[in-house]
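These are the residues of each chain, in order.
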Amino acid sequence: MLQKTLIAGLLLAGATATTASAQDFRLSSTSIAEGAQLENSYVFAGFGCDGGNVSPQLSWSGAPEGTRSFAITAYDPDAPTGSGWWHWNAVNLPASVTSVELGASGNGTMPEGTIEITNDYGAAGFGGACPPPGEVHRYIFTVHALSTEKLELPENPSNALVGFMIGANTIQSTRITAVYSR
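A quick note: this is a predicted structure, and the numbers were derived from the prediction, not measured.

1. Here's the deal with the sheet that holds strand E1 (residues 26–28)
Pairing in this open sheet of 3 strands is antiparallel, and the strands run E1-E4-E7 from one edge to the other. Unpaired on one side and paired on the other, E1 and strand E7 (99–100) mark the two borders of the sheet. Note that strand E4 (residues 58–61) and E7 share 2 bridges and pair antiparallel. Its bridge partner lying in E7, Leu58 is registered against Val100.

Shown next, in the form of C-alpha cells:
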C-alpha cells in the first residue's frame, strides 16, 4: 500500500511540475487575441479576399529548459480540404529569439536562420485568412519550443512533413486561436 501511495505521489508531483511549466511558456501578441476576429491586415490578398496579408506580431516567454530553437505555425483546421490549411510554417528560429515583429514575414525581418516554408497558397511565408464566404474559421497561431537547433528538411518540403518534424521535436507549445469570417 505504501508503495502505491509513493508511486501515486510521484506521478502527481510530475503532473504538477508539467502543468506549472506549461503555464510558464506563454504566447502574446499586439496583433491578434484569443477568440477575437482577425483584422483585415491579417487577411489574404487573393482567392476573393482583399486583405493586407501581413503576418502578426508575436512574442513568447518562459520557454522550457532544453529549448534549442523555435517554430511558428498558423493553421486553419476548418478549411474544406480534408486536411486543413497551412497559413504559415517558419522553422529554425534561434533559441535566443522571443518575438517576431508585425509584418516580419513579408519584409525580410524574420530572425536570421529562419526558414519559411511554402504555405498552402503556394508562396513561402505568411498567407492570411480567407475562408469561404459565410463561414467562421479558426486560425491557430502556435510557437513550438524545439529540442533541436535546426530541423533537417529536404528542399521544398510539404507542410505535412514539416508538421511531422515539428511535432517530433516539440518540447512544449503555446498558442493563440483567433477567428475570421467574411
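2. A word on the state of the cysteines
Inspection of every chain in the model, using the stated rule, returns 1 disulfide. The side chain of Cys49 participates in a disulfide bridge whose partner is Cys130; the two sulfur atoms lie 2.1 Å from each other. Across the S-S bond linking Cys49 and Cys130, the dihedral sits near 95°, which makes this disulfide right-handed. Here Cys49, found in strand E3 (residues 49–50), pairs with Cys130, found in the loop between strand E8 (115–116) and strand E9 (137–146); they are 81 residues apart in sequence, far enough to count as distant. No difference in accessibility class separates Cys49 from Cys130, as the two residues are buried.

3. Some remarks on the layout of surface pockets
Considering only enclosed or pocket space, the largest pocket measures out at about 170 Å³ in volume. Taken together, 14 residues line the largest pocket, and the ones lying closest to its centre are Trp85, Tyr121, Cys130, Pro131 and Pro132. Elements that contribute at least two residues to the lining of the largest pocket include exactly strand E6 (85–94) and E9. Class assignment for the residues of the lining of the largest pocket results in 9 nonpolar, 3 polar and 2 charged.

4. Observations regarding helix H3 (residues 159–169)
For H3, every residue scored as buried is listed here: Asn159, Val162, Ile166 and Asn169. Projected onto a plane normal to the axis of H3, the buried residues spread over an arc of 100° and lie on a single side. Facing away from the buried side of H3, by more than 90 degrees, are the exposed residues Ala160, Phe164, Gly167 and Ala168. Close packing links the buried residues of H3 with strand E5 (69–76), E6, E9 and strand E10 (170–180).

Thresholds applied
- Residues numbered from 1 in each chain as written.
- Predicted model: local features only at pLDDT ≥ 70, side-chain atom pairs only at ≥ 80, totals over all residues.
- Heavy atoms only, no water.
- Pairing = 2+ DSSP bridges.
- Helix = DSSP H or I, 4+ residues; strand = E, 2+ residues; numbered from the N terminus.
- Disulfide = S-S within 2.5 Å.
- Buried < 20%, exposed > 50% of the residue type's maximum accessible area, 1.4 Å probe, protein only.
- 1 Å grid on protein atoms, 1.4 Å probe; cavity = no way out; pocket = protein on both sides within 12 Å on 5 of 7 lines; lining within 4 Å.
- Points joined across faces, edges and corners; volume = space filled by probe spheres on them.
- Nonpolar A, V, L, I, M, F, W, Y, C, P; charged D, E, K, R; others polar.
- Arc of directions from axis to C-beta.
- Contact = heavy atoms within 4.5 Å.

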